[in-house]
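Residues per chain, in single letters:
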Amino acid sequence: MSTALAARLRTIVGDDGVVDHPDALRVYDCDGYTLERAVPDVVVLPRTPEAVAAVVRLLAVEGVAFVPRGAGTGLSGGTLPVGAPVMICTSRLQAIESIDRASRRIVVQAGVVNQWVTNAVKADGLHYAPDPSSQPACTIGGNVAENSGGPHTLKYGVTTNHVLGVELVLPSGDVVMLGGAVEDRPGYDLTGVAVGSEGTFGIVTRATLRLVRTPEAYRTLLAVFDSVEAASEAVSGVIAAGIVPAALEMMDRLIIGAVEAAYRIGLPTDAGAVLLVEIDGPAAGLDDQLARVERVCRMHAARELRVARDDAERAALWKARKRAFGAVGRLAPNYATQDGVVPRTRVPDILRAIQRAGETHGVQIGNVFHAGDGNIHPILLFDERDRDQVARVLAAGRDILEACIALGGSVTGEHGIGVEKIAQMPLLFAPDDLLAMTRLRAVFDPAGRANPHKIFPDAKVCVETRTPRRQAPL
């Protein structure tokens, strides 16, 4: 990219809003998916939505492609600058612009951290339901791009269920508002189409989010099992009993050991698996629901049931679950997290397939995932200094995704396709399906300049696949 263009970008965002020193640019060469890397020519850090639009308009005039980036916590290489010299970061767009408590709506800029939304309305008895494990760091713009989920999506849904509207800067630099401050609009659901488009339609700069009432009460149960199979059967049993918990999470023995070593909350390290089950709602009736969940767990050979006695115990359990990914640093220098989905009745089958993949390729794999909706997150452990281990991890990951498809599932539940899973798209979608999706993308971005060479297979997807130098925080 020309120095003249970099200078013009500085006139829009200021000297401190442009990063172009080679050493500084290496910070932006990957997101949380560290197995593939690409370095941008320049990083632009606008402070306002208007500055984002001005930057994009300049790039449109010059015909330069760009890639959006939020906090960099993504897990599929969605922010890699593949064929896109300019990276536009929205992390400085941090304003919470308005809160309508009566209508349960909030308007935030793209760089607002997920947790800040709930913090802003907690005193009013409201919260923002989507809660990815990276909730203290990930930003709303990235959540919208990836349609992020989290442990409580079993009952409350993923990001798309809580976004009423978005302000989108199109690749032309034009600014459009999709949806808005009403529940339903006539015509096409353009907001729903934009959520999860992984930055290929343009850059989201503002979002109108739905807030929900904070439940009156919670019951949080830790159910201990001797085997993953028994825990998996209990998951199906709970749902079959007509109970829809707010969350239904599983950790296997390997992850239990790492989490307990890190947080010392009394998890049984000899267990084959534990389920973290949470139900919420009006206090009246919750104890009856909890008793039903406990009966189902006992029917499936739960050896121990522990109910959190107070908010502190509940918070400790959730801290351990959400920080499980960080705890695996005790097990190996590096890890890669997969993100497939299967029907919840096939959870035992996919766990057996994960075990086979690990055995076939000689990879140690731990499991921590959203068992209630079949969204798996096997954690593949390796040492980045060993190229053979890296190759085996990639092969095991492919086997796991292919098994998800064979079991009637999908290659992603909340992490997106990015560059990581492009090769698996033809296994899931027919050529006509892929063509229809690429045509829809072209409506928003005819020239293909917004986050090019992502999601869909093409001949130009070429990034630096090698042993990474570091493990990005998640």
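Scroll up for the structure.
Criteria and cut-off values
- Each residue is numbered by its place in its chain's sequence as written, counting from 1.
- Totals for whole chains, interfaces and linings use all residues, but because this is a predicted model, local features are given only for residues with pLDDT of at least 70 and pairs of side-chain atoms are given and counted only at 80 or more.
- Values shown for side chains rest on all heavy atoms present in the structure; no hydrogens or waters enter the calculation.
- Residues enter patches when their relative accessible area tops 30% and they take part in no salt bridge; the joining distance is 9 Å for like charges and 5 Å for the nonpolar side chains Val, Leu, Ile, Met, Phe, Trp and Tyr.
- Here, Shrake-Rupley sampling with a 1.4 Å probe gives the accessible areas, and only protein chains in the shown set may cover a residue.
- Here, a salt bridge means any Lys or Arg side-chain nitrogen found within 4 Å of an Asp or Glu carboxyl oxygen.
- For each residue, the accessible area found with a 1.4 Å probe, counting protein chains only, is set against the maximum for its type, and the residue is called buried under 20%, exposed over 50%, and partly exposed in between.
- The definitions used throughout rest on a 1 Å grid laid over the protein atoms alone, on which a cavity is an enclosed set of points accommodating a 1.4 Å probe that cannot get out and a pocket is an open set flanked by protein within 12 Å on both sides along at least five of seven lines; lining residues are those having an atom within 4 Å of a point.
- Grid points are joined across faces, edges and corners, and a volume is the space filled by probe spheres set on the points.
- The secondary structure listing takes helices from DSSP runs of H or I that are at least 4 residues long and strands from runs of E that are at least 2 residues long, numbered from the N terminus.
- Expected helix span is given by 1.5 Å per residue-to-residue step, counting one fewer step than there are residues.
- Whenever a nitrogen or oxygen atom comes within 3.5 Å of another N or O atom, the pair is scored as a polar contact, on the condition that within protein one atom can donate a hydrogen and the other can accept it, and that pairs from neighbouring residues in sequence are kept only if both atoms are in side chains.
- One bridge is not enough; two strands pair if DSSP finds at least two bridges between them.
- It only takes one pair of heavy atoms within 4.5 Å for two residues to be counted as in contact.
- Angles shown run from 0 to 180 degrees and are taken between the N-to-C directions of axes, each axis being a line fitted to C-alpha atoms and, for helices, limited to the stretch in contact.
- Centre distance within 6.5 Å is the pairing criterion for rings of Phe, Tyr and Trp, where only the six-membered ring of Trp is used; planes under 30 degrees apart are then read as stacked, over 60 as edge-to-face, and the remainder as tilted.
- Think of it as a cone above the ring: NZ of Lys or CZ of Arg counts as a charge over the ring if it is within 6 Å of the ring centre and within 35 degrees of the ring normal.

Undergrad: Go over a nonpolar patch on the surface with me, naming the residues and quoting the values.
TA: The grouping of Val193, Leu440 and Val443 at the surface amounts to a nonpolar patch, some 240 Å² of accessible area in total. Among the residues examined, leucine 440 registers a relative accessible area of 36% and is labelled partly exposed.

Undergrad: Describe empty space enclosed by the protein, naming the residues involved and giving the relevant values.
TA: One pass over the full model with this rule turns up two cavities of 30 Å³ or more. The space that makes up the largest cavity amounts to roughly 680 Å³. Taken together, 47 residues form the lining of the largest cavity, with Gly74, Gly142, Asn143, Glu146 and Ser148 sitting closest to its centre. Elements with a contribution of two residues or more to the lining of the largest cavity: β4 (66-69), α5 (140-146) and β11 (203-210). For the lining of the largest cavity, the element with the highest residue contribution is α5, accounting for six residues.

Undergrad: Run through helix α14 (residues 387-406), naming residues and quoting values.
TA: For α14, spanning 20 residues, the distance from its first C-alpha to its last is 29 Å, which sits close to the expected 28 Å at 1.5 Å a residue. Every buried residue belonging to α14 is among Val390, Val393, Ala395, Ala396, Gly397, Ile400, Leu401, Ala403, Cys404 and Ile405, and all of these are buried. The N-cap residue of α14 is aspartate 386: its side-chain oxygen and the backbone nitrogen of aspartate 388 are 2.9 Å apart. Glycine 408 occupies a position one or two residues after α14 and carries a positive phi of about 90°.

Undergrad: Can you explain the pairing of strand β13 (residues 217-225)? Please cite residues and give values.
TA: Among the nine residues in β13, seven count as buried, and that is most of the element. Across nine bridges, β13 lies against strand β15 (residues 273-281) in antiparallel orientation. Each bridged residue has a counterpart across the sheet, and for leucine 222 the counterpart in β15 is leucine 276. The pairing of β13 with strand β16 (residues 304-307) spans four bridges and is classified as antiparallel. Along β16, the bridge assignment pairs leucine 222 with arginine 306.

Undergrad: For the environment of tyrosine 156, give the residues involved together with the corresponding values.
TA: Assignment of secondary structure puts tyrosine 156 in helix α6 (residues 153-156). In this structure the C-alpha to C-alpha distance between tyrosine 156 and tyrosine 128, which are 28 residues apart in sequence, comes to 9.9 Å. Contacts of tyrosine 156, omitting those with residues within four sequence positions, involve Ala129, Asn161, His162, Pro215, Ala246 and Asp280. Polar contacts involving the side chain of tyrosine 156 include one to the side chain of aspartate 280, which spans 2.8 Å.

Undergrad: Mind laying out the sheet that holds strand β9 (residues 163-169), listing which residues take part and the relevant values?
TA: Read across the sheet, five strands follow the order β6-β7-β11-β9-β10 without closing on themselves; strand pairing throughout is antiparallel. Pairing within the sheet leaves two strands with one partner each, and these edge strands are β6 (96-100) and β10 (175-179). Taking each pair of neighbouring strands and ignoring which way they run, the sheet shows an average axis angle of 10°. Relative to β11, β9 runs antiparallel, the two being bridged by six bridges. What sits directly across from valine 169, in β11, is isoleucine 203. Those strands touched by helix α3 (residues 49-62) are β7 (105-109), β9, β10 and β11, and its axis lies near 145° from that of β11.

Undergrad: Before we move on, could you go through the pattern of salt bridges and cite the residues and values that matter?
TA: Using the criterion set out here, one finds 25 salt bridges in the structure. Lysine 155 is paired through a salt bridge with aspartate 280; the nearest N and O atoms lie 2.5 Å apart. One end of the pair, lysine 155, is in helix α6; the other, aspartate 280, is in strand β15, and 125 residues separate them in sequence. Several salt bridges converge on common partners, so that one network encompasses Glu50, Glu97, Glu167 and Arg206.

Undergrad: Describe the packing of aromatic side chains, with residues and values.
TA: By the definition in use, this model includes one aromatic pair. Note that arginine 314 overlies the ring of tyrosine 218, its terminal NZ or CZ placed 3.7 Å from the centroid.

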